[in-house]
Structure formats: C-alpha cells, structure tokens
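Residue-level structural notes
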Amino acid sequence: MKPAPFAYEAPASVPEALELLARHGDDAKVLAGGQSLVPMLNLRLARPAVVVDINGVGGLAGLALRGGTLAVGALVRQRALERWAAVHAPLCAEALRHLGHVAIRTRGTVVGSLVHADPAAELPAVFLCCDGALAVHGPGGERIVAAGALFQGPLTTSVGSEELAVEARLALPDERTGWGFSEVARRHGDFALAGAVALLRRDAGGSADHVRLALFGVGGTPVRGAAAEAELLGREPTAARLREAARAAAAALDPPADIHATSAYRRRAAAVLAERALAAALARAGRAA
Amino acid sequence: MTRAVRVVVNGEAHEGAVEPRTSLADFLREDLDLTGTHVGCEHGVCGACTVLLDGEPIRACLMLAVQADGRSITTIEGLAPAGAPGDADPPLHPIQEAFRAHHGLQCGYCTPGIVLATHAFLRECPEPGAGDIREMLAGHLCRCTGYHFIVEAIEAAARALRGSRPPLDGAEGPSPIPRASPPGGV
C-alpha cells in the first residue's frame, strides 16, 4: 500500500465537514476529486492523519449560471464543466481540454484545482481573468475570497486549514468579449511551461474597454498581466500595441528555472503566448453597436 | 480499521473490507484477483490502471477503494463478450481485435488502460482524426510501440465500431464535446 495510514472521515454535510476540520486542523486534508491529493498521498509527500472525504456532502454539486456569473460547486468535476462549457463558455472548455487527460478530468474538481493552486495549472489563470471569487465556509461563517487574494504561493492559498471552499464564481465573458488561450507544454495534458489567458472587449469607437490577461507557469502563483492591461485599456488594440502590451507583461515576470525550461525561456515564451492570447481575444471580440 | 465496500465489477456484485488507504487499483487486483488492471506509476501519470467508473475513464490508482462503494466498474476483463465455456479462443471486443490485428501492443503493460480509454473515447468521438487519437493517447505511456500501430489500431477499431456498438453494462455514453472554433474563423 502506498499512502501512510490515515483515518478516513466521510461527512454528509458542510457543518459536519467543518466540525472535522476544526477538530483536526493541520492534521486533516480535504479529499474531493483526489487527482492532486492522492498522488501526494501515494508518494508520501502528504501524510495527513485524517482524510476528510467531501464526496458525500450534499449541496456541493451545483453548476449554475446566475446572471453572467457561473457558480461551480466544490464537487463539480472538471469533465462536467467541460461538457457544459463546450456550449456555453468556450474559454473554459478550451482551458479544460489542456488540463491533464480525460481520466483525470472525470474525477478532478474545478474548485479542487483552484485551492490546490499549482502555479502552472490552467484553471487558476482562467479564474483570475474572469474576476473569480471563491465562497469559503469556516468557523466564522461564509466569506468570499477574490481571485486576486486567493493565490499566495506554490500550492498555497488564503483558505485556512479549518475552512472549506464550497463554490467558485466566475464572471463569464459576455458575447462582445473575445477570449484567447495559449500555452506550451512538453506533451498534451502536461502542466504548462508557460501559458496565457486573455479577455478583450471593444467599445463603439473600437477602443478596448475591458482587458484581462493572466499568465501561468511563470512564477509562484498565476499572475495578472497588469502592465499589459494598462497599456491596452482605452486604446485601439492594434497589432503593434498587443505586442507591446504582451512584452510589458512578460518583462514584469521573474519566472522560475527548472529541468524543463530556463527562466529566460519562460519569460520569452510568456511574451509570445500573451501576444497570441490577446490577438485571439481581439479576433473574437465583437464591436458595440 | 477496515471499511466495507460494495461494488459492481464487470456486471458482478462484489463485497470487500479494505483499509481506507487501499487504492481502487489494489482492491481490484489483490482482493478481486482482477489483475488485468495494471499498476505503473501509481500517481496518475502513466494511464496503465485506467478503468471505467460508471462508464467514464478514471485512474484506479487515484481513487480510494472506499470511494467506489456503490459504483459500477468495468475492467479489461469485462470488455469482451463472454465466450462459451471451455472455448480455447474466446471472442475479443472489437477494440481488442483491432489491437491484435494492427500490432497495437508489444509487452502489453499499458494495453488494458489504453483499450478502456479507447472504449470511452470512441463512444464520444466515433470518427476521430489521427490528431484526436494522439491527444487522447497523451494520457497513456507506452515504452514499446512508438504509438504508430496503436493509432492505426484505434482508427481500425473506430471503423469497426461505427454503427455496431456493443453495449457495455447498459451504460449510455455522453454525447461528443464540440471544440471551440478558431479565432477569426467567422
């Protein structure tokens, strides 16, 4: 048997889960889809005393569109969102197609990917671009964590060990807003060496009136390309300006080096991928009437 | 401390008692003696342990056996139609037949996972291009074949299955997932 022994708890409700997390604190790990936690258990990189399996918790499997906001419950599988998104949210569908493999997405959850917070993962970057918010329940009741305040470092978020993330909310781009997704990975389904997600909308005069750029695989957390957004907002998004903006975003990065890519490679790739994502977003963006 | 698990595997009900840390892959192999599910990397990368959970592919090394309680699982042993008792050459599933005919395996270690993943894949994508097949195969490591014959086997299996899909545990598959159109394509 691979994992070290652990006590297994399967609460049926959020209050029961919270009670267990409060009792065990840092000794407990929450198990949802298990596609990140179980490998860590198998490799004994994680040795929790207690595994709190939330798969039997009621009320966490909802996938709903409220206004323009997509609400994704903590037990919604990536594959379920992928099926829904193929018709309703093409950016999410495209990002999910790059996430692992079908067999991973069958079990893996959307919220799980966010709170696992791998800096090279696709969904956290989409979450940043879509002005995401995470509903978190804890001893003090519910709080909402904005995407910008969620990711604190590699595999580290601002969700506490006594808290449970119950729902992710994403402001889906409206029909006038174009989107782009671009990444480089060694093989399809691998974590990205670098990647970019972009949203772009134009006003009646042709200027960009909504711009989002998020980069992943280029630091300890996914990051917004603030320099690029500032460069483009309120201006005509010409090809030259997109390139300038993408370069500005990449220049602000200090990517890690590892066996797969140097820091300089990741920064150069980020500039190219950001430009591609922005160009794709521009090409898909409609004009206000 | 052990916990009870009740599962239906290949149409047959099974009951077991497992430690919570037992993976579904180990439960299938060691408790149910279904050793066709191969275990390679044990952290979700190699794809050898892929089985179908309620008709959808999963990594059996990344699911605890206790989590499979009440679910239905198909392993490689359950894919082919049952042969006559004592039949020295029992029938194969059309996907297995295509792998045999097109040399889609050598040592066979990765094959059960690939065959089951192919089963789910062809149900959703009955007319795949070589690119679609290679994207699916990215989730399965094969150290022998170089993949060319596997791609050919899957193309042949797709042709064989079109219009004459044998049912599997009555599981009706979900519909295909359409792709986003490229930017500027309109």
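Below is a short write-up of the structure. Everything numeric here is computed off the predicted structure, so don't read it as measured data.

A closer look at the overall build of chain A
The number of helices and strands found in chain A is 11 helices and 14 strands. Since a compact globule built from 289 residues should have a radius of gyration of about 19 Å, the 19 Å found for chain A is in line with a globular shape. Along the first, second and third principal axes, the C-alpha set of chain A runs to 60 × 45 × 35 Å. Taken over 289 residues, chain A has a buried fraction of 56%.

With respect to the environment of histidine 140 of chain B
Residue and element names in this part refer to chain B. Inspection of the secondary structure assignment puts histidine 140 in the loop between helix H4 (130-137) and helix H5 (148-161). Separated by 98 residues in sequence, histidine 140 and glutamate 42 have C-alpha atoms that sit 13 Å apart. With residues up to four places along the chain from it excluded, the contact list for histidine 140 reads Gly47, Cys110, Gly113, Ile114 and Ala117.

Section: the interface of chain A and chain B
Chain A puts 34 residues into the contact, and the matching count from chain B is 33 residues. If you list the elements that add at least two residues to the side of chain A that touches chain B, you get helix H2 (37-42), strand E3 (50-53), helix H3 (78-88), helix H4 (90-97), helix H5 (102-107) and helix H11 (263-284) of chain A. Here the residues of the side of chain A that touches chain B sort into 17 nonpolar, 9 polar and 8 charged.

Section: the packing of helix H2 (residues 94-101) of chain B against helix H3 (residues 111-124) of chain B
Residues and elements named next belong to chain B. Running from N to C, H2 and H3 cross one another at 125°; their axes reach a closest spacing of 10 Å. Compared by their axis directions, H2 and H3 come out oblique. Between H2 and H3 lies a crossing of right-handed hand. Touching Ile95, Gln96 and Phe99 of H2 are Thr111, Val115, Thr118 and His119, all from H3. Here the contact of H2 with H3 is built from residues that sort into 3 nonpolar, 4 polar and no charged.

Quick look at the pairing of strand E6 (residues 133-138) of chain A
All names here are of chain A. The sheet contact formed by E6 and strand E7 (residues 141-146) spans 6 bridges and is antiparallel. Bridge pairing in E7 places histidine 137 opposite glutamate 142. Linking two consecutive strands that pair antiparallel, namely E6 and E7, is a turn of 2 residues.

Observations concerning the sheet that holds strand E5 (residues 72-74) of chain B
Residue and element names in this part refer to chain B. Spatially, the 5 strands line up as an open sheet ordered E2-E1-E5-E3-E4, and their pairing is mixed. Unpaired on one side and paired on the other, strand E2 (12-18) and strand E4 (56-59) mark the two borders of the sheet. The average undirected angle you get between the axes of adjacent strands in this sheet is 40°. Strand direction decides the pairing type here: strand E1 (residues 3-9) and E5, joined by 2 bridges, are parallel. Bridged to valine 8 within E5 is serine 72. On top of the sheet, H3 reaches strand E3 (50-53), E4 and E5; it is set at about 40° to E3, its chief contact.

Parameters at a glance
Residues numbered from 1 in each chain as written. Chains lettered and ligands numbered in written order. Predicted model: local features only at pLDDT ≥ 70, side-chain atom pairs only at ≥ 80, totals over all residues. Helix = DSSP H or I, 4+ residues; strand = E, 2+ residues; numbered from the N terminus. Rg over C-alpha atoms; globule rule 2.2 N^0.38 Å. Buried ≥ 20, exposed ≤ 12 C-beta atoms within 10 Å, placed from the backbone. Contact = placed C-beta atoms within 7 Å. Nonpolar A, V, L, I, M, F, W, Y, C, P; charged D, E, K, R; others polar. Axes fitted to C-alpha atoms, helices over the stretch in contact; angles between N-to-C directions. Parallel < 35°, antiparallel > 145°, perpendicular 65-115°, else oblique. Left-handed = near helix turned anticlockwise from the far one by under 90°. Pairing = 2+ DSSP bridges.

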